[in-house]
Amino acid sequence: MPLPSFLHRWWPSLLTALRAALSVLIDERCPMCGRSEFKGEICPSCWFNIPYTHLRGASGNMLERLFWSEPMVQRVSAYAWYKPEYAISKVVHEFKYYGRKDLAQLMGEAMGRELLDSDFFEGVNALVPVPLSAQRLRKRGYNQSEHLAKGVAQATGLPLLTTAIARVVDNPSQTTLDPSQRRDNVRDIFAVVDADALAGRHIVVIDDVITVGATLLSLLQTLRPVPHLRVSLLALCAAGRYHVGRLSPDDLHLSDATADAQNHVVRKYHKP
Ligand SMILES: [Zn+2]
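Given the structure is predicted, the values throughout are model-derived calculations rather than measurements.

(A) Examining the pairing of strand 5 (residues 202–210) more closely. For strand 5, the buried fraction is high: nine of the nine residues fall into the buried class. Of the strand pairs in this sheet, strand 5 and strand 6 (residues 230–238) are connected by eight bridges, and their pairing is parallel. Across the sheet, residue Val205 finds its bridge partner in strand 6, namely Leu233. A crossover connection joins strand 5 to the parallel strand 6 through helix 8 (residues 214–223); in handedness this β-α-β unit is right-handed.

Next up, the structure:
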């Protein structure tokens with residue numbers, strides 16, 4: 001017998017709420033290794049074993065190169081490498097699908113703190129979480145990137161800006177798509193709602209996982225008309241295989257950063 005339509009609509013949020021309630025009541029395990037007695041917190045040995053990128057927001061790092069086609073981009077960094085088999089993927093899963101907003105905020109705080117002794121946040125005016133569509137927000141009940149951003153705000157003291165950009169299309173999940181399909185999937189999914197709040201400012205856009213950068217590149221393209229906007233990008237995880245050189249420049253939507261990009265864009269990255 002098919003589910004009544006109202007139940008069908010609310011089923012995912014009911015499951016999420018139920019799972020969240022249960023995890024508070026009975027789930028005492030570390031979300032990464034599953035060992036008990038850690039009250040749902042990440043245990044010390046899992047903190048130790050996170051596959052840190054060690055990029056630490058360094059200028060010109062390999063992740064930043066994904067975004068060299070967009071001159072407004074200042075810095076790009078990610079806290080940890082991501083593969084489905086890495087334990088960190090369980091944390092992402094928990095805060096994305098099972099209501100663990102606390103874990104998103106905790107990780108946000110860690111990724112903000114890691115950059116405090118670098119110049120990553122210098123001159124930054126606000127933190128902007130990648131928005132969810134209204135539809136997805138209703139389903140999930142929260143935006144996981146906003147909770148990551150709250151953690152970064154706690155570590156840095158920077159204000160959150162959540163009203164300047166909207167996601168106007170609820171694009172399907174990216175997980176089964178190849179890089180070129182991903183680009184088509186995310187075209188024109190964002191809109192600038194409050195250009196005045198962005199003009200002339202330097203924002204750090206906060207995301208959960210960067211894969212081939214398609215979503216963020218789409219967002220950057222939407223932001224192009226905003227005058228004198230500078231954007232840095234900070235993600236909890238970087239999942240692409242670019243760090244082992246297996247994606248071609250074309251896969252990354254960069255014709256050839258060193259040969260074709262405008263000189264003034266790449267100049268500052270040239271090292272002797
Ligand atoms: Zn653990």
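We are not done yet, so read on.
(B) The arrangement of the pattern of salt bridges in detail. Scanning all chains against the criterion turns up seven salt bridges. Linking Asp208 and Lys96 is a salt bridge whose minimum nitrogen-to-oxygen distance equals 3.5 Å. Highlighted residues: Asp208 in strand 5 and Lys96 in helix 3 (residues 88–97), separated in sequence by 112 residues. Overall, Asp208 belongs to the buried group, its relative accessible area being 5%. Between Glu109 and Arg113 there is a salt bridge whose closest N-O contact spans 3.7 Å. Taken together, the residues Glu109 and Arg113, both in helix 4 (residues 101–114) and four residues apart, mark about one turn of the helix. We classify Glu109 as partly exposed; its relative accessible area is 23%.

(C) Structural context of unusual backbone geometry. Backbone geometry places His54, a non-glycine residue, at a positive phi of 60°. The topology assignment puts His54 in the loop between helix 2 (44–49) and strand 1 (73–81). Although it is not a glycine, Arg56 adopts a positive phi angle of roughly 45°. Given a relative accessible area of 33%, Arg56 falls into the partly exposed group.

(D) Region of interest: the sheet that holds strand 6. Pairing is parallel in the open sheet, where four strands are placed in the order 1-6-5-2. One side of each edge strand has no neighbouring strand; the edge strands of this open sheet are strand 1 and strand 2 (126–129). The sheet shows a mean angle of 20° between the axes of neighbouring strands, direction not considered. Set on the sheet, helix 3 makes contact with strand 1, strand 5 and strand 6; between it and strand 6 the angle comes to about 110°. Strands strand 2, strand 5 and strand 6 of the sheet are contacted by helix 6 (residues 144–156), whose axis makes an angle of about 130° with strand 5.

(E) Main features of the coordination of the zinc ion. Each protein donor to the zinc ion is listed here as Cys30 (SG), Cys33 (SG), Cys43 (SG) and Cys46 (SG); together their distances run 2.3 to 2.4 Å. With four donor atoms in place around the zinc ion and angles of 105 to 118° between them, the coordination shape is tetrahedral. Written as a sequence motif, the donor arrangement for the zinc ion is C-x2-C-x9-C-x2-C. Note that Cys30 is positioned in the loop between helix 1 (5–25) and helix 2 and Cys46 in helix 2, a separation of 16 residues in sequence.

(F) Seen up close, the packing of aromatic side chains. The tally for this structure, following the rule as stated, stands at two aromatic pairs. Relative to Tyr79, the ring of Tyr52 lies with its centre 5.3 Å away and its plane at 85°, an arrangement referred to as edge-to-face. Here Tyr52, found in the loop between helix 2 and strand 1, pairs with Tyr79, found in strand 1; they are 27 residues apart in sequence, far enough to count as distant. On the basis of relative accessible area, Tyr52 is assigned to the partly exposed category, the value being 22%. We classify Tyr79 as buried; its relative accessible area is 6%. With 5.2 Å between their ring centres and 85° between their planes, Phe120 and Phe121 make a pair best called edge-to-face. Its relative accessible area of 13% is what places Phe121 among the buried residues.

(G) Quick peek at helix 4. Over its 14 residues, helix 4 extends 20 Å from the first C-alpha to the last, a length consistent with the 20 Å expected when each residue adds 1.5 Å. Three or more residues of helix 4 are buried, namely Leu103, Ala104, Met107, Gly108, Ala110, Met111, Gly112 and Glu114. Against the buried residues of helix 4 lie helix 2, strand 1, helix 3, helix 6, strand 5 and strand 6.

Conventions we followed
Residues numbered from 1 in each chain as written. Predicted model: local features only at pLDDT ≥ 70, side-chain atom pairs only at ≥ 80, totals over all residues. Heavy atoms only, no water. Buried < 20%, exposed > 50% of the residue type's maximum accessible area, 1.4 Å probe, protein only. Helix = DSSP H or I, 4+ residues; strand = E, 2+ residues; numbered from the N terminus. Pairing = 2+ DSSP bridges. Right-handed = clockwise from strand over helix to strand, strands pointing away. Salt bridge = Lys/Arg side-chain N within 4 Å of Asp/Glu carboxyl O. Axes fitted to C-alpha atoms, helices over the stretch in contact; angles between N-to-C directions. Contact = heavy atoms within 4.5 Å. Donors = N, O, S within 2.8 Å, 3.2 Å for Na, K, Ca; no water. Tetrahedral: all angles 85-135°; square planar, octahedral: opposite > 155°, others 65-115°. Phe/Tyr/Trp six-rings, centres within 6.5 Å; stacked < 30°, edge-to-face > 60°. Expected span 1.5 Å × (residues − 1).

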